[in-house]
Every structure is written in C-alpha cells, then in structure tokens.
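# A closer look at the structure
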Amino acid sequence: MAPLLRNYRFLIGAFAVIMLFFLIKTSTTVGSSMDIARNVAGTINRPGNPPDFTTQPIEANSGYISDPKTENANPGVADAVKQQTEQAAKASGASGKTSGSCGKDHQYVVMVDAGSSGSRVHVYEFDVCTMPPTLIEETFKMLKPGLSSFKSDAVGAAASLDPLLDKALEVIPENKRGCTPIAVKATAGLRLLGEAMSSKILTEVRNHLEIDYPFAVVDGEGISIMGGDQEGVYAWITTNYLLGNIGAESKRDTSAIFDLGGGSTQIVFEPSFPPTEKMIDGEYKYDLAFGDYQYELYQFSHLGYGLNEGRNKINAVLVENAIKAGKFKIGDNNRPHDISSPCLPPNMTASDVNVKLADGSEYTINFHGPPAGHGAGAQCRFLADQVLNKDAKCTVPPCSFNGVHQPSLVRQFQESSDLYIFSYFYDRTRPLGMPLSFTLGELADLTRSVCNGGEDVWDAVFGSLDGSLAELKNDPLFCQDLSFEVSLLHTGYDIPLSRELKTAQTIGGNELGWCLGASLPLLNGDGWKCKVSKLN
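This one's a predicted model, so the numbers in the text were calculated from it and none came from an experiment.

This next bit is on the overall build of the chain. Helix and strand content of the chain: 16 helices and 18 strands. Counting over 536 residues, the chain shows a buried share of 45%. Total accessible area on the chain stands at roughly 27,500 Å², and carbon and sulfur atoms take up 53% of it.

Next up, the structure:
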C-alpha cells in the first residue's frame, strides 16, 4: 500500500510541474514583432493594432488607463499616477503636436523656392521619431513674378515673399515658430541676373526675415543661389523618398529624375556598371549617404536649357537667320519685326516676343505660324535639336549634349527602373490630356498633332477633353515647348522613343521638386539655432 501511495504522490507532483511549465510559457509568450514602415503619404495613417494585441490594455491615445481592480487595491498610488499623467498630457498639449512613439514634438521646416518664373513656399511637418523622418503634412503656395524680375529693386523683391511667409505663419503654431528653420533657395533665374544684383536681393531677403519674421533663418547658405548639382540631387531625394525607394530597411532600385525648370534642366540617376567599370570622376559624380546606404549618383544641371531659355535659344536662331537674309539690320530694335516660325501651329501668332541674342542685343518680334494645312513640326524639331549643340566636342565620352559627359541611359540604367519627368514636363503635357505614364514616342505623336494640326484636327483629337482645346487656342507656344521637350529627352539625353516615362506634380499629395529633399537635412539642426523672441 505504501509504494502505491508514493507512486500516486509522484504522479500528482509530476502533473503539477507540467501544468506550471505550460502556465509560465503562455504568460510570457509575446505576439510576433511588428515591422514599422515609413508612410510617405501627405497625411500619415498608422496601422491598427494586430489581432494578438487587442486583449492587452492598450489604447490609441496616450494617458491614464482606468483599472478598477488596481484603483480599489491601491487608491493612493492610483490617484498620484493619474494626477501626474494628466499634468504631463497638459504640458504636451501646450507645446504642440507630439509623436507617439518617442514623445518628441513634430518638427516644422519652411523652404522657399525662388525660381525663375515665380516663388513658392513649402511648409513641412515631420514626425522625427522615425528614421528617416516621416512627412506628416505639406502646405504649398506659389506666386508670380519671381525674385529675378525685380532686378535692382531689392527691397521690393524681399517684400514680394510676404504672402508666402504669411501662409507659413498660418500653418505653424506660434510657440513652434522660433524653432522652425527657414531657408530661401534661388535657382537659375536669379543666377542669370549676375553677382551684383543677385547678392543685393538675397541680402535684403535675409534682413527682412531676421527682422520681421519669427522663424530661425538658416546660417551661411540658407539664403543663397543653389548650385545646379544640389538642385538635381535634392529633387532625386524628394522623388525616391516619396516613392519609398530610399530610407527603407533594404537597398532598393531607384528612379531617375528629369526636372525642367525655366532657366535650367537637371538629370540625376544611379547608374549601374559591370564589375570591371566604374563612374568617371568629375563634377557630375555625386556621392550621397541617406539612411544606412550609400548612393553613387550621376547628376548634371544644364544651365540655359530650361524651358524659357530653350524658347529664347530657338527664337534667337530665327532672328539671326532673318538678319542674315536681310529682312532687317543688326541693331534695328526700335520697332517690332515680323518673322515666320515653324514652331507655331498654322495661322497662329505670338506677338511682342522679346528675343535676346548671344551678343546681348534684344529684339521685339511678332512670330507667325505657317498657313493652314502646312504645319512644320519637323522643322521646329530641327531647330530644337540645333540649339542642343549635339555636335560639340565630347572630351569624356559618352556625352549627352553640349559636350557634357553622361553614362548611357540604355546601357547603364536598368530598364525596369522608372524615369520621372516633372515641372514643365508635366505642366505642358497634362493640360493636353496626356496620362501620368506614356512613351517618349507618344509624346512625339502629341507634338505632331499640336504642331501640324489645324482646328479640324484639334477638334477631333482634343475636343472631347475638358479644357484642352481652349489651352491650345489661347497659347501659341505649345508646339515650340513640346518640340523642345522631345528634342531634349530624345536627342539630348538619348532616351529611346519606346521608353516609358512617368510624370507627376505630386506623389501622395506632396509636391515633387527639390524642396523636400533640401528640407530633410535641416531636421538634424545643423546650420541653425532657435530664435529667441524679444521680451517687451
């Protein structure tokens, strides 16, 4: 009987140990880990709690969580915790929006793009608890004219930014303004004014910001003319950041960007080479560190080949040819002259166009398109190809145009990676019904329809599209602009007609361009410090 009892006790003890083991295991098991991904949309939408977390006492909003059992057992401790939590919540609410994951306030950045055709302000709000920081919201406003149009009126140029700066004041909470960095970056338009005028304008802009506005003005290059290499690289960062190509946990293929401004155009991409080759050193090579990865980029800014400058280059050829043909004399610029142009649709006229020649002389011209039924789109392309200076000496082959070295977009860039064209590429194609993705050949087809078609063709092609027909009839420059864009992409950059292009003005509600890419580094606090308000 005694051995049987001992066995019975042994079985009960073993069963108890086994049950205790399972109890400990189940109480310490945690659900699978979550991957936190950066949301690149304009407004962040956080994912909900996973199913295996729903039974835990976790709420969407931070703060005190009521638990009657604990409160009844330790009322004094519960009251103290509740009071302290409420005080912390009030302090957080008074200081601005707070990121839930680390407790840091959202950070604002103001970036002013002083372009050749107008000025724009971008007000960004970031969650700085993620790496890289997550863009929460962007506010955008633009106005015309640009700073360069004021020339010698530096005070007027600075004051022209007031509506943009007032917009920033509307968006940013008052207690956050002193620690919000602001930068003003001018591009090709101001650069073309010359050193004397541009320096006076930028000095006046800095004084105006430091005296009349509460933001923290970025030191040094914060108010400056941005180099073309920076403009392109920052646009590349913006595009690939919004697409999720950079800043991810793993290194991904990146998109090439082609930014067409008024005074210059930029190309930036990440070429790939066989093991035995590498990128040639030079001004076009740009080494970039972003997140945990290094990127070796090709970049170049073609100054003088923006859309406005491209128009002038084509028109200058027509004026020079007219002078050579004896239609008017050199220096005869006291009155407008009439010249035929293959870059206008049939029966259309562009009046009082100011044309500046290479020697600095200027002429006022009335350009007239060919007669009805005789569109000359191919001849306009001939002129556009001509101004690209494709035959210039290429000292470091291969070259794109004007003798500038460029790795091949066919051999050194993956066909599966996207080519993004934006700014004026978007502005001159979208109103005519072009989708967000098309081949370069389809862009050439559009150009032929615009340049060669009369009103009957336009009615058939564009009549059913809202607003497109009115755009064409009211703007005689579409033919010239589209011809220049096709020549730039095909003849200049050597992109095949079969290659697909993507265009956009925004990605996820956020503007493309260089501004976002230039704003991200300011989040590190380099080059600026909070502005202390004066006490009355």
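To continue, consider the packing of helix H9 (residues 307-324) against helix H10 (residues 377-387). As a packed pair, H9 and H10 sit with axes 9 Å apart at the nearest point and diverge in direction by 105 degrees. Taken together, H9 and H10 sit at an angle that is classed as roughly perpendicular. Only Leu383, Ala384, Gln386 and Val387 of H10 make contact with H9, whose side of the interface consists of Lys313, Ile314, Val317 and Leu318. The residue inventory of the contact of H9 with H10, partitioned by class, reads 6 nonpolar, 1 polar and 1 charged.

With respect to the helices and strands, the residue arginine 252 is situated in the loop between helix H8 (228-243) and strand S7 (256-260). What makes arginine 252 partly exposed here is its relative accessible area of 42%. A sequence separation of 12 residues divides arginine 252 from asparagine 240, and the C-alpha atoms of the two residues are 9.9 Å apart. Those residues in contact with arginine 252 that lie beyond four places of it in its chain are Gly244 and Asn245. At 2.9 Å, the side chain of arginine 252 and the backbone oxygen of glycine 244 are in polar contact.

Across the 5 residues that make up S7, a large majority, 5, are buried. Side chains of S7 alternate between two faces, with Ala256, Phe258 and Leu260 and Ile257 and Asp259 buried alike. Relative to strand S14 (residues 419-423), S7 runs parallel, the two sharing 5 bridges. Bridge pairing links aspartate 259 to phenylalanine 422 in S14. Remark: 3 residues form the turn of the hairpin made by S7 and strand S8 (residues 264-269), two consecutive strands paired antiparallel.

What follows deals with the nonpolar core. By size, the foremost hydrophobic cluster in this structure holds 66 residues, and its most contacted members are Phe258 and Leu489. Top contributing element to this core by residue count: H9, with 8 residues. Among all residues touching leucine 489, those that are not within four sequence positions of it are Phe258, Ile421, Phe425, Leu440, Leu443, Asp494, Ile495 and Leu501.

This part covers the sheet that holds strand S15 (residues 437-439). Spatially, the 7 strands line up as an open sheet ordered S9-S10-S8-S7-S14-S16-S15, and their pairing is mixed. The sheet is open, and its two edges are formed by strand S9 (285-290) and S15, each paired on a single side. Ignoring strand direction, the axes of neighbouring strands in this sheet form an average angle of 25 degrees. Helix H12 (residues 440-452) rests against S15 and strand S16 (500-503) of the sheet, and its axis sits at about 80 degrees to S15.

Glancing now at H9. With 18 residues, H9 extends 26 Å between its outermost C-alpha atoms, agreeing within 8% with the 26 Å of an ideal straight helix rising 1.5 Å per residue. Of all the positions in H9, only Leu307, Gly310, Asn312, Ile314, Asn315, Ala316, Val317, Leu318, Val319, Ala322 and Ile323 are classed as buried. Positioned one or two residues after H9, glycine 326 has a phi angle of 80 degrees, which is positive.

Bringing unusual backbone geometry into the picture now. With omega at 0 degrees, the peptide bond leading from lysine 144 into proline 145 counts as cis. When you line up the elements, proline 145 lands in the loop between strand S3 (134-143) and helix H4 (154-159). Residue proline 397 is joined to proline 398 through a cis peptide bond whose omega torsion reads -5 degrees. Summarising the element assignment, proline 398 is placed in the loop between H10 and S14. The backbone of lysine 151 sits at a positive phi, close to 50 degrees, despite the residue not being glycine. Within the secondary structure, lysine 151 is located in the loop between S3 and H4. A residue is classified by how much of its surface remains accessible, and lysine 151, at 49% relative accessible area, is partly exposed. A positive phi angle is found at asparagine 389, which is not glycine, with a value near 55 degrees. Relative to the elements of secondary structure, asparagine 389 occurs in the loop between H10 and S14.

Procedures and definitions
- Residues numbered from 1 in each chain as written.
- Predicted model: local features only at pLDDT ≥ 70, side-chain atom pairs only at ≥ 80, totals over all residues.
- Heavy atoms only, no water.
- Helix = DSSP H or I, 4+ residues; strand = E, 2+ residues; numbered from the N terminus.
- Buried < 20%, exposed > 50% of the residue type's maximum accessible area, 1.4 Å probe, protein only.
- Areas by Shrake-Rupley, 256 points an atom, 1.4 Å probe, with all protein chains shown as cover.
- Axes fitted to C-alpha atoms, helices over the stretch in contact; angles between N-to-C directions.
- Parallel < 35°, antiparallel > 145°, perpendicular 65-115°, else oblique.
- Contact = heavy atoms within 4.5 Å.
- Nonpolar A, V, L, I, M, F, W, Y, C, P; charged D, E, K, R; others polar.
- Polar contact = N/O pair within 3.5 Å; in protein donor to acceptor, adjacent residues only side chain to side chain.
- Pairing = 2+ DSSP bridges.
- Core = buried A, V, L, I, M, F, W, Y, C linked by side-chain atoms within 4.5 Å.
- Expected span 1.5 Å × (residues − 1).

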